[in-house]
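Structure assessment
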Amino acid sequence: MADFEDDWIEESPADFAPAYQPNAAGAAPPTRQYRGRTFRGSNRNSSNDANWRERGNTSNSNSSGSGDYRRNYDGAGGRRDYQRDSGNKKVIYVPSNKVGRIIGKGGTKIKDLQYESDARIKVGDSNGNETDVTLTGTDDAISKAQQMIEKLVEDFKPHEKEGHDNKEDSGTRSKEFFKLNENGDQVIDWDKLNAYHNQVQQSRYEKLPPIIKDFYKEDPAVAAMSDEEVKRWRLENFDIQVKRTFDDKPGLRKIPNPVLTFEQAFQHYPDILTEIYKQDFTTPSPIQSQAWPILLSGEDMIGIAQTGTGKTLAFLLPALIHIDGQTVPKEEREGPTVLILAPTRELAIQIDKEVSKYQYKGIKSVCLYGGGDRREQIKVVSKGVDIVIATPGRLNDLVLARHLNIINFSYIVLDEADRMLDMGFEPQIRKSLFDVRPDRQTVMTSATWPPGVRRLAESYMKDPIQVNVGSLDLAAVHTVTQKILFVEEDDKEPALFDFLNNMDPNDKVIIFCGKKATAVHISTELCIKGIDCQSLHGDRDQTDREAALNDMVDGSVNILVATDVASRGIDIKDLTHVINLDFPRHIEEYVHRVGRTGRAGKTGISLTFVTRQDWGSAKELIKILEEANQEVPDELHQMASRFEAMKLRREKEKGEGSGRGRGGRGGGGSYGRGRRDRW
Ligand code: AMP
């Protein structure tokens, strides 16, 4: 199993530092107090040594150039002597217990600081409570590095009292959060700690300006739609379902009627209309018709919809209006306003491309994903952006490293939430949202509605309205002829090559494999046979993956060998065939794969190889084929019956065997591949 595509996930949830450091609220003042003493501000280098002496530290030999610096840490390896440093030099002092924040995990933070400030930063020795940090470079570089370090070591101090010793204070405070359990052991008093945390958070949020959320002025024609008309419109538009996800409590607003034109949604935002007109769209897609009134009214929304439905624009245009409509101008806001979280780099990049098509009031965005140039991403973030599109891992990385301030996120999108959960990102999503102000507006999209997504919605959304556009991919499946081919494992490859040899030159094909190794093997075989192809799987680096997609999109190649990395969200126009060389592990993945073709009014063909090992999926596959009016081979029915019979037999055996103790043959084994579970 180790080779399954799960292990392509670029940012393992376990990769994060265990402790979360909340960002300090408010801008960093130029001078900070530490234990009642002044942490020097932006004095120039000429005063550095005086500064050092002023502070009465007599051990300056360590930083004067004659000491042994091998223990000193710097981003470049820490072996250079001060004397050899060019430019100016300044020594600042930081609390020793905060030095870790400057160095960062594996030295990443100090490297970032050096890169961003252009100063060389060297962490010296600690004299107990304080540690000296030497900054070398131009005046500007030193000043920038100093500011960044000050901000980094700044603490959030909600109850700071004049002249209080913070260290002792925190020492005393921390004692409050322990209690004795029934055995007399000291344990953490979580209730108290959580209450304290909530109080701290609350006082942070109270300082923030209120969020303006309601930007919707309903067009008279929309307001005049009768309930019957609304019902009919929804039915005619893929039977779109709209409801409050949880209790429809009294006091909640009526769910708005759909808009039927772009003007009905955005007539008060002419610049947005201009951008839409540039795209040559004729009408809003069903999800847009329903989502725009909901989101422009400031409601939370769950869109059960997939890529290809126009969902990105559904949440994006209200986001642009939201950014521009806040009381504090965007240039003066600390940190970005909109966060769009996506499960994969490909999807993040795709969203970014979509976002960059719409210019509105100088709104800037950045795309943060693992595998992309981290420094470049940091550079863009530090210049100030309004929209962050990110994969959860890279987002948390930059938040923890304090490159990104999330305090002002007031419009959050969790795109393809089900996929994020499938990929194990739940802890990171929770971490990302932990510190975001709770009065934000939250949007979630998901192709399915499993319990995990529901739980996420319950925890992080407020009375969301759910718009279910059904599975458009399922609708797409209606435009796909779904063929099933029963084979033995060893016959797959010859059957595949037979198909490829008979392809029309205009055909465009994705071959889905269950394992990365299979994808590598098949693409290698194709190369050996002189057949041009591309491959897309987790072992390929980001640039190669992007190149592979681009080659397919622009038609440089017409065969893509892929794992399920490509099964959702990837929009390759004119794809004529999907080949499922290996049957997917989950039936939903089948729907997504098949839905890569038959898009945008075109028809497509899917060819699925089914082996006896896939019998556990036969029943669900039949349902999908029947729903799409496809031919269901008898063999598939037989497979499904055999599987059900086997399941019953096993249940019975289990019941009988429960009184017998251990031993006997077989025991355990999975339904799909057990020795006795023959097909
Ligand atoms: P999405 O579902 O967001 O991935 O969108 C899929 C594609 O549909 C994108 O290329 C969009 O530019 C396009 N699109 C979005 N809205 C519309 C619309 N109203 N009419 C036609 N195409 C659209």
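How each quantity is defined
Residues numbered from 1 in each chain as written. Predicted model: local features only at pLDDT ≥ 70, side-chain atom pairs only at ≥ 80, totals over all residues. Heavy atoms only, no water. Helix = DSSP H or I, 4+ residues; strand = E, 2+ residues; numbered from the N terminus. Buried < 20%, exposed > 50% of the residue type's maximum accessible area, 1.4 Å probe, protein only. Contact = heavy atoms within 4.5 Å. Near = heavy atom within 4 Å. Polar contact = N/O pair within 3.5 Å; in protein donor to acceptor, adjacent residues only side chain to side chain. Areas by Shrake-Rupley, 256 points an atom, 1.4 Å probe, with all protein chains shown as cover. Axes fitted to C-alpha atoms, helices over the stretch in contact; angles between N-to-C directions. Parallel < 35°, antiparallel > 145°, perpendicular 65-115°, else oblique. Left-handed = near helix turned anticlockwise from the far one by under 90°. Nonpolar A, V, L, I, M, F, W, Y, C, P; charged D, E, K, R; others polar. Disulfide = S-S within 2.5 Å. Phe/Tyr/Trp six-rings, centres within 6.5 Å; stacked < 30°, edge-to-face > 60°. Pairing = 2+ DSSP bridges. Salt bridge = Lys/Arg side-chain N within 4 Å of Asp/Glu carboxyl O. Core = buried A, V, L, I, M, F, W, Y, C linked by side-chain atoms within 4.5 Å.

The helix and strand inventory of the protein chain stands at 25 helices and 22 strands. Going through the 679 residues of the protein chain one by one, you find that 51% of them count as buried. Expressed as a percentage of contacts within the protein chain between residues at least 6 apart in sequence, the contacts between residues at least 24 apart total 75%.

Attention now goes to the site of the ligand. Contacts to the ligand come from 16 residues, most closely from Gln 288, Gly 308, Gly 310, Thr 312 and Glu 354. In the model, a nitrogen atom of the ligand is placed 2.9 Å from a nitrogen or oxygen of the Thr 283 main chain. Interatomic distance of 2.5 Å between a side-chain N/O atom of Thr 312 and an oxygen atom of the ligand. Across the complex, the protein chains shield 78% of the 500 Å² of accessible surface that the ligand would expose by itself. When residues in the shell around the ligand are grouped by element, the largest group, three residues, is from helix H12 (residues 311-324).

We now examine the packing of helix H3 (residues 108-117) against helix H4 (residues 139-153). Each packed pair of helices is defined by two parameters, the angle between the axes and the distance between the axes. At a closest axis distance of 9 Å, the pairing of H3 and H4 adopts a crossing angle of 140°. Considering their axes alone, H3 and H4 lie oblique with respect to each other. In the packing of H3 onto H4, the handedness of the crossing is right-handed. Where H3 abuts H4, its residues Lys 109, Leu 113, Glu 116 and Ser 117 lie against Ala 141, Lys 144, Ala 145, Met 148, Ile 149 and Leu 152. Its residues placed into classes, the contact of H3 with H4 shows six nonpolar, one polar and three charged.

What follows concerns the state of the cysteines. The full count for this structure, using the stated rule, is zero disulfides. Not engaged in a disulfide, the cysteine Cys 527 finds its nearest cysteine sulfur in Cys 533; these two sulfurs lie 4.7 Å apart.

Bringing the packing of aromatic side chains into the picture now. This model, assessed by the stated rule, comprises five aromatic pairs. Their ring planes at 40° and their centres at 5.2 Å tell us that Phe 177 and Tyr 196 sit as a pair that is tilted. In this pair, Phe 177 is assigned in the loop between helix H5 (166-176) and strand E7 (178-180) and Tyr 196 in helix H6 (residues 190-206), connecting sequence segments 19 residues apart. In this pair, the class of Phe 177 matches that of Tyr 196, namely buried. Here Phe 266 and Trp 292 contribute two aromatic rings whose centre-to-centre distance is 4.8 Å and whose plane-to-plane angle is 70°, an arrangement assigned as edge-to-face. One end of the pair, Phe 266, is in helix H9 (residues 262-266); the other, Trp 292, is in helix H11 (residues 286-296), and 26 residues separate them in sequence. Through a chain of ring-to-ring contacts, three or more aromatic side chains come together here, namely Phe 262, Phe 266 and Trp 292.

Attention shifts here to the sheet that holds strand E22 (residues 604-610). In space, the six strands of this open sheet follow the order E17-E22-E21-E18-E20-E19, with parallel pairing throughout. Two strands in the sheet have a free side with no partner beyond their single neighbour: strand E17 (480-486) and strand E19 (534-536). The mean inter-strand angle of the sheet, taken between neighbouring strand axes irrespective of direction, is 20°. When E19 meets strand E20 (residues 559-562), the two strands line up parallel, connected through three bridges. Its bridge partner lying in E20, Ser 535 is registered against Val 561.

Tallying each qualifying case throughout the model produces 26 salt bridges. For Arg 455, the salt bridge identified is with Glu 426, shortest N-O distance 3.4 Å. Residue Arg 455 is found in helix H18 (residues 451-460), and its partner Glu 426 is found in helix H17 (residues 426-434); the two are separated by 29 residues along the sequence. Under the relative-accessibility criterion, Glu 426 is labelled buried at 19%. By sharing partners, the salt bridges in this structure join Asp 214, Arg 244, Arg 253 and Glu 299 into a single network.

Let us now look at the nonpolar core. Phe 266, Ile 272, Leu 317, Leu 320 and Ile 387 are the most contacted members of the largest nonpolar core, which totals 55 residues. When residues in this core are grouped by element, the largest group, nine residues, is from H12. Residue contacts for Ile 387: discarding those within four places in its chain leaves Leu 316, Leu 320, Ile 323, Pro 336, Val 338, Ile 340, Val 355, Ile 363, Lys 364, Ser 365 and Val 366. If you look at the next biggest cluster of nonpolar residues, it comprises 33 residues, including Leu 341, Phe 425, Met 444 and Tyr 460.

Don't take any of this as a statement about function, it's just geometry.
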